[in-house]
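The primary structure of each chain is shown beneath.
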Amino acid sequence: ESTAEMEPTAGSRVEPPVMTAEAPARRRARPGELDDVTLRRAQAGDPTAFRALVERYQRPIWELCWRMTAPAGLGDRADDLTQETFVRVYRALPGFDQRGPARLSTWILTIAARLACNELRRSRPDPAGADAAAALIAPGGSPRRARERAEAGAAMAAAIGLLPAGARAVLVLRDVFELDYEEIAAALELDLGTVKSRLSRARAAVRARLTAEGMTP
């Protein structure tokens, strides 16, 4: 069976999460682990098992790609980046060591984060792009509440959109997906001190931007 048949399809696309000022700190997005039996079957080429893997990790991977790209006005790339992530996972999965230091979820998040970083470096970001604000607005609620959420989301998107790709990756992996510092260091091929300093600078930059906009970080 071809990889195209086992990869996520447009029909299974998930909706973007609402990205508000409080969302990155409060929403736990890290996926649970695939069971060992299904993982071994997927590694052996079982298409049903690989579909189960995709279904388990598709939403968090799409969310990671979206959170990395949408603040720079590139949220429309999230679908393609998610697709490319699972193509690479499929090709490399037989070599994944279940007894190694990285969990499967961390390994897949690493692939997605690197692809998103490369996309950001390759493309010309547009923090004021329509998708950077429109994707942040939650439907429903009062017009006032919707306006407040839209303003908070747009401010957060603008602040994160100004971060360099590497700093944005550290911020998202730590504050949204709650990876350990050591896991982020391994994922982005950085030393531990660099991870901590980038995270500190990224948080300070986002807080400063939100404060300048008159919002409480």
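For the structure itself, look to the data block above.
None of these values were measured; they are calculated from a predicted model. (Residues numbered from 1 in each chain as written. Predicted model: local features only at pLDDT ≥ 70, side-chain atom pairs only at ≥ 80, totals over all residues. Heavy atoms only, no water.)

**A word on the overall build of the protein**
Here is step 1: Helix and strand counts for the protein stand at eleven helices and zero strands.
Here is step 2: The secondary structure elements of the protein, listed N-terminal to C-terminal, are α-α-α-α-α-α-α-α-α-α-α.
Here is step 3: Residues classed as buried in the protein amount to 48% of the 217 residues present.
Here is step 4: Contacts spanning at least 24 positions in sequence make up 76% of the contacts within the protein whose residues lie at least 6 apart. (Helix = DSSP H or I, 4+ residues; strand = E, 2+ residues; numbered from the N terminus. Buried < 20%, exposed > 50% of the residue type's maximum accessible area, 1.4 Å probe, protein only. Contact = heavy atoms within 4.5 Å.)

**Points about helix H6 (residues 104-122)**
Here is step 1: Given a rise of 1.5 Å per residue, 19 residues ought to cover 27 Å, and the 27 Å separating the end C-alpha atoms of H6 matches this to within 8%.
Here is step 2: Within H6, 15 of the 19 residues are buried, leaving the element largely enclosed by the surrounding structure. (Expected span 1.5 Å × (residues − 1).)

**Topic: the packing of helix H9 (residues 165-175) against helix H10 (residues 181-188)**
Here is step 1: Packing of H9 against H10 leaves a shortest axis separation of 10 Å and a crossing angle of 140 degrees. For the element pair H9 and H10, the recorded crossing hand is right-handed. Together, Gly-166, Ala-169, Val-170, Leu-173 and Arg-174 of H9 and Tyr-181, Ile-184 and Leu-188 of H10 make up the contact between the two elements.
Here is step 2: Classifying every residue of the contact of H9 with H10 gives six nonpolar, one polar and one charged. (Axes fitted to C-alpha atoms, helices over the stretch in contact; angles between N-to-C directions. Left-handed = near helix turned anticlockwise from the far one by under 90°. Nonpolar A, V, L, I, M, F, W, Y, C, P; charged D, E, K, R; others polar.)

**Re the packing of helix H3 (residues 36-43) against helix H4 (residues 47-69)**
Here is step 1: For the pair H3 and H4, interaxial distance at closest approach is 7 Å and the crossing angle is 120 degrees. Here H3 lies oblique to H4, going by the angle between them. In this structure, the crossing between H3 and H4 has a hand that is left-handed. Counting all contacts with H3, which are made through Thr-38, Arg-41 and Ala-42, the residues of H4 involved are Thr-48, Ala-49, Phe-50 and Ala-52.
Here is step 2: Among the residues forming the contact of H3 with H4, the class breakdown is four nonpolar, two polar and one charged. (Parallel < 35°, antiparallel > 145°, perpendicular 65-115°, else oblique.)

**Digging into the nonpolar core**
Here is step 1: Among the nonpolar cores identified, the biggest contains 58 residues, and Leu-53, Leu-64, Leu-93 and Leu-104 are the most heavily contacted of them.
Here is step 2: Not counting residues within four places of it along the chain, the set of residues in contact with Leu-53 comprises Leu-34, Phe-86, Val-89, Leu-93, Leu-104 and Ile-108. (Core = buried A, V, L, I, M, F, W, Y, C linked by side-chain atoms within 4.5 Å.)

**Describing helix H11 (residues 192-212)**
Here is step 1: Look at H11: 30 Å from first C-alpha to last across 21 residues, which is about the 30 Å you get at 1.5 Å a residue.
Here is step 2: Looking at where H11 begins, the residue whose side-chain oxygen comes 3.1 Å from the main-chain nitrogen of Gly-193 is Asp-191.
Here is step 3: At the C-terminal side of H11, Gly-214 shows a positive phi close to 80 degrees. (Polar contact = N/O pair within 3.5 Å; in protein donor to acceptor, adjacent residues only side chain to side chain.)

**What about the environment of Leu-81?**
Here is step 1: Counting through the fold element by element, Leu-81 comes out in helix H5 (residues 78-92).
Here is step 2: Considering only alpha carbons, one finds Leu-81 and Glu-119, 38 residues apart in sequence, at a separation of 8.5 Å.
Here is step 3: In contact with Leu-81, not counting residues within four places along its chain, are Cys-65, Thr-69, Leu-115, Ala-116 and Glu-119.

**Some remarks on the packing of aromatic side chains**
Here is step 1: Going through the model one piece at a time under the given rule, you end up with three aromatic pairs.
Here is step 2: Between Phe-50 and Tyr-90, the aromatic rings sit 5.1 Å apart at their centres with planes inclined by 75 degrees, giving edge-to-face as the arrangement. Of the two residues, Phe-50 is situated in helix H4 and Tyr-90 in helix H5; the sequence distance between them amounts to 40 residues.
Here is step 3: Classification of Phe-50 by relative accessible area gives buried; the value is 1%.
Here is step 4: Residue classification places Tyr-90 among the partly exposed residues on the basis of a relative accessible area of 25%.
Here is step 5: Relative to Trp-66, the ring of Trp-62 has its centre 6.2 Å away and its plane inclined at 15 degrees; by these criteria the two rings are stacked. Separated by four residues within a single helix, Trp-62 and Trp-66 lie in helix H4, roughly one turn from each other.
Here is step 6: A relative accessible area of 3% means that Trp-62 is categorised as buried.
Here is step 7: Of the residues examined, Trp-66 reaches a relative accessible area of 3% and is grouped as buried.
Here is step 8: Above the ring of Tyr-181, the side-chain terminus of Arg-174 is found at 4.4 Å from the ring centroid. (Phe/Tyr/Trp six-rings, centres within 6.5 Å; stacked < 30°, edge-to-face > 60°. Lys NZ or Arg CZ within 6 Å of the ring centre and 35° of its normal.)

Any link to function would need more than the numbers given here.
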